[in-house]
Amino acid sequence: MTLSIATGETDLPLLHETISANLDATAARFPDHEAMVDCATGKRWTYAAFAADVDTLARGFAGSGVVKGDRVGIWAPNGAEWTLVQYATAKVGAILVNINPAYRTHELQYVLNQAAIKLLVAAPSFKTSDYAGMIEEVRDEVATLEQVVLIGRESWDELWAAAEQVSQAELEAIAAGLSPDDPINIQYTSGTTGFPKGATLSHVNILNNGFHVGEVCRYTEADRICIPVPFYHCFGMVMGNLAATTHGACMVIPAPGFDPALTLAAVRDERCTSLYGVPTMFVAEWALIEAGAASESDLATVRTGIMAGAPCPAELMKKVIAAGINEMTICYGMTETSPVSTQTRTDDSFDRKVGTVGRCMPHLQIGIIDPSDGSFVERGGSGEFVTKGYSVMLGYWNQPDKTAESIVDGWMRTGDLAVMDEDGYVQITGRIKDMVIRGGENIYPREIEEFLYTHPDILDAQVIGVPDPKYGEELCAWVRMKPGTTPVSAASIREFATGKLAHYKIPRYVEIVEDFPMTVTGKVRKVEMRELSAAHLGLDAH
């Protein structure tokens, strides 16, 4: 009997240094290599120029009174300024607090107070969001907030000018006084219940995770990574930015917010070798290609990349590979683990790329436990995914009770249902909370979603449980149709599925939709879907 527990390789040692020390070493090795391209503004930085700007901005923070351990918030869409703030705060030991651009005044006020933010850097506005206006609305309710800096406005210029008050030698002394184990980043997890919790991460946490994810993608200084995923989330700032700067690769920012046409244009024009996204982003890009609005040849330079945030449908991976992207990897993790715990390898089989989220990352341990008693289940058995090692967060900011619930004997409890095979590859079968129990049968929505992807007219599908007086829960499928096709119905889906799925796995209800409710990180909000469907179908949600 083999238990569901696995340990990652330890061939490459862990990096025990600060983010700024690592960046400075990269800039010294590759000063003339391109470090960052901001497609929206056309600006470019070599590593020498990027490191110099990071130092100037770091001196600006120090000159503005920011000291080690102070919380500096950033509330902005993707852009070069976001990345510069990320590395400049790390250099002075300030704790960067990522604020979700989708937040509104209620959530903003909560985060500013919960993290006791001293200085906030924000975009004045983006699309329909008036960030400057919202900040003014809550500012009087946040006692700790001393300074607001609006990117591109006079306050931004003043922040840079404050660098005059701190010499380069003084900055280097500040940086030398930091420990790799210091907290450096707080990321608020989009909890589906209650207020978000602030996962607190150290240099060691995120520097190593970015580095090892980049190693699995086989990055070198020759790589150019297209990053359309948000920086405020680990996918952008760790798997994107830190994977790049630990390897001397180039960060390519296609646009402030996700736009499939601008993403494909950035890949083509900047000759990107790696492309990131959640599956819905790749679906949107391929929809443009299939509609003739873009060409598969735009992706000619792409070798690898990362798909994460949600399971990758087999049909989508087939298209990715057909475009010549043979080394696309799948990552799985959570903010609290910096974030990646497992990743498929570039040479894994097709079945592993679509059927699993890979195997244990270096220097980590992963396991599948029985949630009721914490014991490890046998290989092939279902249970809760747990992870242990350098990637586990320091804790939730000022919430020791929540930390103690989530980290047990060093193991981070994820709340995800998973199965580990004999080779240590992991399949995520759903959230413990998403599992549908119909008449005593445990149903995993992922299995049914995968089946619905095989329907020739369905573009995308999500399955949820809705209340049912007889069975407790019934299945409801939300379906996005391919353009020009006839919408499916519950009856036609039943006909399509009969003989292929067990009767209790066939959705009783089908809702045709244009889009799914999503978090900004591209995760489908199934809690919201359940509420909407229950209301729409006239079902009692209690």
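The preceding data block contains the structure.
Computed from a prediction, not measured in an experiment: that's the story for all the values here.

Colleague: Describe in detail the overall build of the protein, supporting the description with residues and values.
Modeller: Helix and strand content of the protein: 17 helices and 27 strands. The C-alpha atoms of the protein give a radius of gyration of 23 Å, which matches the 24 Å a tight globule of 542 residues would have. If you line up the protein on its principal axes, its C-alpha atoms span 75 × 50 × 50 Å. Scored against the burial criterion, the 542 residues of the protein give a buried share of 59%. Pairs at least 24 residues apart make up 71% of the contacts formed inside the protein by residues separated by at least 6 positions. Of the accessible surface of the protein, which amounts to about 20,900 Å², a share of 51% is contributed by carbon and sulfur atoms. Seen as two clouds, the 43 positive and the 70 negative side-chain charges of the protein have centres 4 Å apart.

Colleague: Tell me about the environment of Glu 154, and please be specific about residues and values.
Modeller: Among the secondary structure elements, Glu 154 is positioned in helix 6 (residues 154-161). Residue class for Glu 154 comes out exposed when judged on its relative accessible area of 61%. Each C-alpha atom, one on Glu 154 and one on Gly 198, is 30 Å from the other, the two residues being 44 residues apart in sequence.

Colleague: An account of the packing of aromatic side chains is needed here, citing residue identities and associated values.
Modeller: The final tally for this structure, using the stated rule, is 9 aromatic pairs. With 5.0 Å between their ring centres and 80° between their planes, Tyr 332 and Phe 385 make a pair best called edge-to-face. Taken together, the residues Tyr 332 in strand 14 (residues 327-333) and Phe 385 in strand 18 (residues 382-389) connect sequence positions 53 residues apart. Here Tyr 332 matches Phe 385 in class, with each residue buried. We note Lys 197 situated over the ring of Tyr 396; from NZ or CZ to the ring centre the distance is 5.1 Å. Across the ring face of Tyr 471, the terminal group of Arg 438 is positioned such that the distance to the ring centre comes to 3.7 Å.

Colleague: Could you give an account of the packing of helix 2 (residues 47-63) against helix 7 (residues 168-176), with specific residues and numbers?
Modeller: Relative to each other, helix 2 and helix 7 sit at 80°, their axes nearing to 10 Å. Comparing their axes, helix 7 and helix 2 come out roughly perpendicular. Of helix 7, the residues touching helix 2 (which contributes Asp 55, Ala 58, Arg 59 and Ala 62) are Gln 168, Leu 171, Glu 172 and Ile 174. Of the residues assigned to the contact of helix 2 with helix 7, the class counts are 4 nonpolar, 1 polar and 3 charged.

Colleague: Mind laying out the sheet that holds strand 26 (residues 472-481), listing which residues take part and the relevant values?
Modeller: By way of backbone hydrogen bonds, the strands of a sheet pair with one another, either parallel or antiparallel. In space, the 3 strands of this open sheet follow the order 25-26-27, with mixed pairing throughout. Looking at the sheet topology across the chains shown, the edges are occupied by strand 25 (458-468) and strand 27 (509-512). Neighbour-to-neighbour, the strand axes of the sheet open up by a mean angle of 25°, direction not taken into account. In this structure, strand 25 lies alongside strand 26, joined through 10 bridges in antiparallel fashion. The residue bridging Ile 464 from the neighbouring strand is Cys 476, located in strand 26. Where helix 15 (residues 445-453) meets the sheet, its contacts fall on strand 25 and strand 26, and the angle it forms with strand 25 comes to roughly 145°. In this fold helix 17 (residues 526-536) packs onto strand 25, strand 26 and strand 27, with an angle of close to 70° to the strand it touches most, strand 25.

Colleague: Before we move on, can you summarise the sheet that holds strand 4 (residues 71-75) with the specific residues and values?
Modeller: The sheet built from 7 strands is open, its strands ordered 7-6-4-5-8-9-19 with mixed pairing. Each edge of the sheet is formed by a strand with only one pairing partner; in this case those strands are strand 7 (147-150) and strand 19 (395-396). In terms of strand pairing, strand 8 (residues 183-189) meets strand 9 (residues 197-202) through 6 bridges, oriented antiparallel. Paired with Asn 185 across the strands is Leu 201, a residue of strand 9. Helix-sheet contacts for helix 3 (residues 80-92) involve strand 4, strand 5 (95-98), strand 6 (119-122) and strand 8, and the interaxial angle to strand 5 is about 150°. Across the sheet, helix 4 (residues 105-114) lies against strand 4, strand 5, strand 6 and strand 8, angled at about 150° from strand 8, the strand it touches most.

Colleague: Help me get a handle on the nonpolar core, residues and values and all.
Modeller: Grouped together as the largest cluster of nonpolar side chains are 145 residues, with contacts concentrated most on Phe 50, Phe 61, Trp 75 and Ile 99. Residues Phe 451, Val 479, Met 481 and Tyr 504 belong to the second largest nonpolar core, which totals 19 residues.

Colleague: Which residues make up the pattern of salt bridges, and what are the values?
Modeller: It is possible for side chains of opposite charge to pair when their charged atoms get near one another. Following the criterion strictly, the structure yields 30 salt bridges and no others. With a shortest N-O distance of 3.0 Å, Asp 55 and Lys 91 are connected by a salt bridge. Of the two residues, Asp 55 sits in helix 2 while Lys 91 sits in helix 3, which places them 36 residues apart along the sequence. For Asp 434, the salt bridge is made with Arg 530, and the minimal N-O distance between the two is 3.6 Å.

Colleague: Can you explain the packing of helix 1 (residues 19-29) against helix 2? Please cite residues and give values.
Modeller: At a minimum axis separation of 8 Å, helix 1 and helix 2 run at an interaxial angle of 150°. Crossing of helix 1 over helix 2 shows left-handed handedness. In this structure, helix 1 uses Leu 23, Thr 26 and Ala 27 to contact helix 2, whose residues at the interface are Tyr 47, Phe 50, Ala 51 and Val 54. In terms of residue class, the contact of helix 1 with helix 2 is built from 6 nonpolar, 1 polar and no charged.

Colleague: Quick rundown of helix 15? Include the residues and the values.
Modeller: Most of helix 15 sits out of view: 7 of its 9 residues are buried. For helix 15, the full list of buried residues reads Pro 445, Arg 446, Ile 448, Glu 449, Phe 451, Leu 452 and Tyr 453.

Colleague: Tell me about a nonpolar patch on the surface, and name the residues and values.
Modeller: Residues Met 1, Leu 3 and Ile 5 make up a contiguous nonpolar surface patch of about 300 Å² in total accessible area. Positionally, Leu 3 belongs in the segment before strand 1 (5-7). Since its relative accessible area comes to 33%, Leu 3 is described here as partly exposed.

Colleague: Provide a residue-level description of the pairing of strand 18, including the pertinent values.
Modeller: Strand direction decides the pairing type here: strand 17 (residues 364-369) and strand 18, joined by 6 bridges, are antiparallel. In the strand pairing of strand 18, Ile 368 is matched with Phe 385. When strand 18 meets strand 21 (residues 411-420), the two strands line up antiparallel, connected through 5 bridges. Within strand 21, the position partnered with Thr 387 by the bridge is Met 412.

How each quantity is defined
- Residues numbered from 1 in each chain as written.
- Predicted model: local features only at pLDDT ≥ 70, side-chain atom pairs only at ≥ 80, totals over all residues.
- Heavy atoms only, no water.
- Helix = DSSP H or I, 4+ residues; strand = E, 2+ residues; numbered from the N terminus.
- Rg over C-alpha atoms; globule rule 2.2 N^0.38 Å.
- Buried < 20%, exposed > 50% of the residue type's maximum accessible area, 1.4 Å probe, protein only.
- Contact = heavy atoms within 4.5 Å.
- Areas by Shrake-Rupley, 256 points an atom, 1.4 Å probe, with all protein chains shown as cover.
- Lys, Arg positive; Asp, Glu negative; His and termini not counted.
- Charge placed at Lys NZ, Arg CZ, Asp CG, Glu CD.
- Phe/Tyr/Trp six-rings, centres within 6.5 Å; stacked < 30°, edge-to-face > 60°.
- Lys NZ or Arg CZ within 6 Å of the ring centre and 35° of its normal.
- Axes fitted to C-alpha atoms, helices over the stretch in contact; angles between N-to-C directions.
- Parallel < 35°, antiparallel > 145°, perpendicular 65-115°, else oblique.
- Nonpolar A, V, L, I, M, F, W, Y, C, P; charged D, E, K, R; others polar.
- Pairing = 2+ DSSP bridges.
- Core = buried A, V, L, I, M, F, W, Y, C linked by side-chain atoms within 4.5 Å.
- Salt bridge = Lys/Arg side-chain N within 4 Å of Asp/Glu carboxyl O.
- Left-handed = near helix turned anticlockwise from the far one by under 90°.
- Patch = residues over 30% accessible without salt bridge, like charges linked within 9 Å, V, L, I, M, F, W, Y side chains within 5 Å.

Keep in mind that these numbers describe shape and distance, not what the molecule does.
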